[in-house]
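Examination of the molecular architecture
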Amino acid sequence: MNKANTYIEETEKVLLHTYNRYQIVLEKGEGVYLYDVNGKRYLDFAAGIAVQALGYSNEEYKQALKEQIDRLCHTSNLFYHTTVAAAAEKLAKASGLERVFFTNSGTESIEGAIKAARKYAYMKDGSNDHEIIAMKHSFHGRSMGALSVTGNENYQKPFRPLIGGIKFADFNDLESVKALVNERTCAVIMETIQGEGGIYPAEHAFLQGVKKLCEERDILLILDEIQCGMGRCGTMFAWQEYEVKPDIMTCAKALGCGVPVGAFVMSQKVADQSLMPGDHGTTYGGNPFVCAAVSKVFDLFEKEQILQHVQEVGAYLTEQLNQLTEKFSCIVERRGKGLLQGLVLEASTPAGSVVSRCLEAGLIVITAGGNVLRMVPPLIITKEHVDEMIQILEHCLS
Ligand SMILES: *Cc1c(COP(=O)(O)O)cnc(C)c1O
């Protein structure tokens, strides 16, 4: 008997139908493997969409969470508590940015970043007509503010009017950004490596050019590191490899490795001239439970030397995917960095059908925009796991 059917039926009866889910009911995880309710094992190259950086069922992580549950989960932000300072300190230190605001999701961190940028500009000139430059093919979330800076017509269209003053430039085209800048521009927002849009890394000259432009005109650079950050590309944050520092950075996904937490982090300079008491808030954000997780995540990254590991295994994955690209004519191109990788497929080979075949064969991969097969595995995968993935994928592509 297939135990999954009952769960699927019950779920579809009551949840709002906003996802076409794969017909798999997951039950437990161990290391880089997931198991469904029928006991079938999957090698996981999706990590809950770049969340489970430390894989599943890490003992030390679980222990820290259990202890915090026994102590205290929530207080509201009307009081101080014992786990938030360490979590914020570790995030500030890792990013080199001074001031942290914890949110409950990536989307909310984008909302906060937009508000901080608008307030910063407002405090300078008192006007309410400031503009933000975002990128085409970007993804920043689904709330009205985050959707407003998400350069995807399909996602935006049914929900207009969105927030005003947003203009879209072409990613990796500095001239297209320059053409949109005027005296009202308060921020440029982009992912350092576009994820959902199809795995497009920012070119060095582009990001450096945008940074220079921002500095010249006192425009804030907001880098969305929600997917590409937290070690995924071999540095703690992807921008750290570009000799460019954002004024505001957003972070989520792997920040809590499974608990819902995000953050926006900014320089002291921006903090001093933007959000003040009364300007922003959250009931849950940065509560004792999630902060215990964030703190432990940073400790484990250090203890397990995750960055070094990603550099090694990321180079190996890149090499193996390049070989696969040579071998299969249905693969047009490989794009990405470290453990954020995309295989661009020919139109005649829909990425969605390859994903289905892989699932059948016990491998979880996902898609990204523009017929791309996306891989965002746990950062703890080994070369042997890469070999196992390549073997299954080769079989599914043949
Ligand atoms: C996932 C993602 C978001 C949205 O984060 P949520 O936690 O789903 O709200 C925003 N930006 C990028 C780059 C993402 O990958």
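Higher on the page you've got the structure.
Residues numbered from 1 in each chain as written. Predicted model: local features only at pLDDT ≥ 70, side-chain atom pairs only at ≥ 80, totals over all residues. Heavy atoms only, no water.

**Considerations on the pattern of salt bridges**
Stated precisely, the cut-off is as follows: The rule for a salt bridge is simple: a side-chain nitrogen of Lys or Arg has to be within 4 Å of a carboxyl oxygen of Asp or Glu. Numbering goes from the N terminus for both helices and strands, where a helix is a DSSP run of H or I of at least four residues and a strand is a run of E of at least two. Burial classes follow relative accessibility: with a 1.4 Å probe on protein chains only, a residue under 20% of its type's maximum area counts as buried, one over 50% as exposed, and anything between as partly exposed.
Here the structure, examined in full by the defined rule, presents 21 salt bridges. Across the pair Lys136 and Asp170 runs a salt bridge, and its minimum N-O distance is 3.1 Å. Taken together, the positions of Lys136 in the loop between β5 (131-135) and α6 (144-148) and Asp170 in the loop between β6 (166-169) and α8 (174-178) put the pair 34 residues apart, joining distant regions of the chain. Note that Glu333 is salt-bridged to Arg335, the shortest N-O span being 3.2 Å. Given a relative accessible area of 35%, Glu333 falls into the partly exposed group. The network of salt bridges with common partners includes Glu131, Lys167, Glu183 and Arg184.

**Some points on helix α3 (residues 59-71)**
The condition that has to hold: The span expected for a helix works out to 1.5 Å for each residue beyond the first. For this quantity, the arc is that covered by the directions from the helix axis to the C-beta atoms. The contact criterion used is simple: two residues touch if any of their non-hydrogen atoms lie within 4.5 Å. Two N or O atoms form a polar contact when they lie within 3.5 Å of each other; inside protein one atom must be a possible hydrogen donor and the other a possible acceptor, and for residues adjacent in sequence the pair counts only when both atoms belong to side chains.
Over its 13 residues, α3 runs 18 Å from end to end, which matches the ideal 18 Å to within 8%, given 1.5 Å per residue. Those residues of α3 not exposed but buried are Tyr61, Ala64, Leu65 and Gln68. With its buried residues spanning 95° around the axis, α3 presents them on a single face. In α3, the exposed positions angled more than 90 degrees off the buried face are occupied by Glu59 and Asp70. Of the surrounding secondary structure, the elements contacted by the buried residues of α3 are α11 (288-303). A side-chain oxygen of the first residue of α3 lies 3.1 Å from the backbone nitrogen of Glu60; this N-cap is Asn58.

**Observations regarding the sheet that holds strand β10 (residues 220-224)**
Selection rule: Two strands are said to pair when DSSP picks up at least two bridges between them. The axes are straight lines fitted to the C-alpha atoms, using for helices just the contacting stretch, and the angles between their N-to-C directions are given from 0 to 180°.
One open sheet accounts for 7 strands, arranged β4-β12-β11-β10-β7-β5-β6; its pairing is mixed. Of all strands in the sheet, those bounded by a partner on one side alone are β4 (99-103) and β6. The sheet shows a mean angle of 20° between the axes of neighbouring strands, taken without regard to direction. Across 4 bridges, β5 lies against β6 in parallel orientation. Counterpart to Met135 in the pairing with β6 is Ala169.

**Points about the environment of Lys269**
Tracing the backbone shows Lys269 in helix α10 (residues 268-272). Sequence-distant contacts of Lys269, that is, excluding residues within four places in its chain, are made with Tyr120 and Asp218.

**Focus on the nonpolar core**
Inclusion rule: Only buried Ala, Val, Leu, Ile, Met, Phe, Trp, Tyr and Cys residues count toward a nonpolar core, and they belong to the same one when joined by side-chain atoms within 4.5 Å.
Membership of the largest hydrophobic core comes to 104 residues, with the highest contact counts inside it found for Phe102, Val188, Met190, Met230, Leu255, Met389 and Leu393. A per-element tally of this core places α11 first, with 9 residues. Not counting chain neighbours up to four residues away, the residues in contact with Met230 comprise Met236, Phe237, Cys251, Ala254, Leu255, Val297, Phe298, Phe301 and Leu379. The next biggest cluster of nonpolar side chains, apart from the first, holds 25 residues, and it includes Ala134, Ile166, Leu220 and Leu275.

**Notes on unusual backbone geometry**
In this model, Arg160 is joined to Pro161 through a cis peptide bond whose omega is 5°. Positioned with a positive phi, Met230 is a non-glycine residue whose angle comes to about 55°. The topology assignment puts Met230 in the loop between β10 and β11 (248-251).

**With respect to the site of the ligand**
Where we set the bar: For each residue, the test is whether any non-hydrogen atom lies within 4 Å of the molecule or strand; if one does, the residue is near. Under the convention used here, a 1.4 Å probe and the Shrake-Rupley method define accessible areas, while residue burial counts only the protein chains that appear. Note that Gly is not counted as nonpolar here; it falls among the polar residues with everything else outside the nonpolar set of Ala, Val, Leu, Ile, Met, Phe, Trp, Tyr, Cys and Pro and the charged set of Asp, Glu, Lys and Arg.
Taken together, Ser105, Gly106, Thr107, Phe139, His140, Glu191, Asp224, Ile226, Gln227 and Lys253 make up all the residues around the ligand. A distance of 2.9 Å is found between an oxygen atom of the ligand and a backbone nitrogen or oxygen belonging to Gly106. Backbone polar atom of Phe139 to a nitrogen atom of the ligand: 3.2 Å apart, as the coordinates give it. Here the ligand loses 81% of its free accessible area of 380 Å² to cover by the protein chains. Residues of the shell around the ligand, tallied by class, amount to 2 nonpolar, 5 polar and 3 charged.

**Details of the packing of aromatic side chains**
Each aromatic ring pair is summarised here by two numbers: the centre-to-centre distance and the angle between the ring planes. Our working rule: Aromatic rings from Phe, Tyr and Trp, with only the six-membered ring used for Trp, were paired whenever their centres fell within 6.5 Å, and each pair was classed as stacked if the ring planes differed by under 30 degrees, edge-to-face if by over 60, and tilted otherwise. Counting as a charge over the ring demands two things of the Lys NZ or Arg CZ atom: a distance within 6 Å of the ring centre and an angle within 35 degrees of the ring normal.
Taken as a whole and judged by the stated rule, the model has 3 aromatic pairs. Measuring from ring centre to ring centre gives 5.0 Å for Phe101 and Phe264, while their planes differ by 25°; the resulting arrangement is stacked. Of this pair, Phe101 sits in strand β4 while Phe264 sits in strand β12 (residues 262-266), and the two are 163 residues apart along the sequence. Note on Phe139 and Tyr155: the rings are 6.1 Å apart at their centroids and 80° apart in plane angle, and the pair reads as edge-to-face. With Phe139 in the loop between β5 and α6 and Tyr155 in helix α7 (residues 153-156), this pair connects stretches of sequence that are 16 residues apart. Directly above the ring of Tyr155 sits Arg142, whose terminal nitrogen or CZ lies 3.9 Å from the centroid. Stacked on the ring of Tyr200, the Lys or Arg Arg335 has its end atom at 3.8 Å from the ring centre.

**Thoughts on the sheet that holds strand β2 (residues 33-36)**
Strand order in the open sheet made by the 4 strands is β1-β2-β3-β15, with mixed pairing throughout. A strand with exactly one partner marks an edge of an open sheet, and here the two such strands are β1 (26-30) and β15 (363-364). Bridge count for β1 against β2 is 4 bridges, and the pairing is antiparallel. When the bridges of β2 are listed, Gly29 appears paired with Leu34. Of the strands in this sheet, β2, β3 (41-44) and β15 touch helix α14 (residues 383-397), which is tilted by about 110° from β3.

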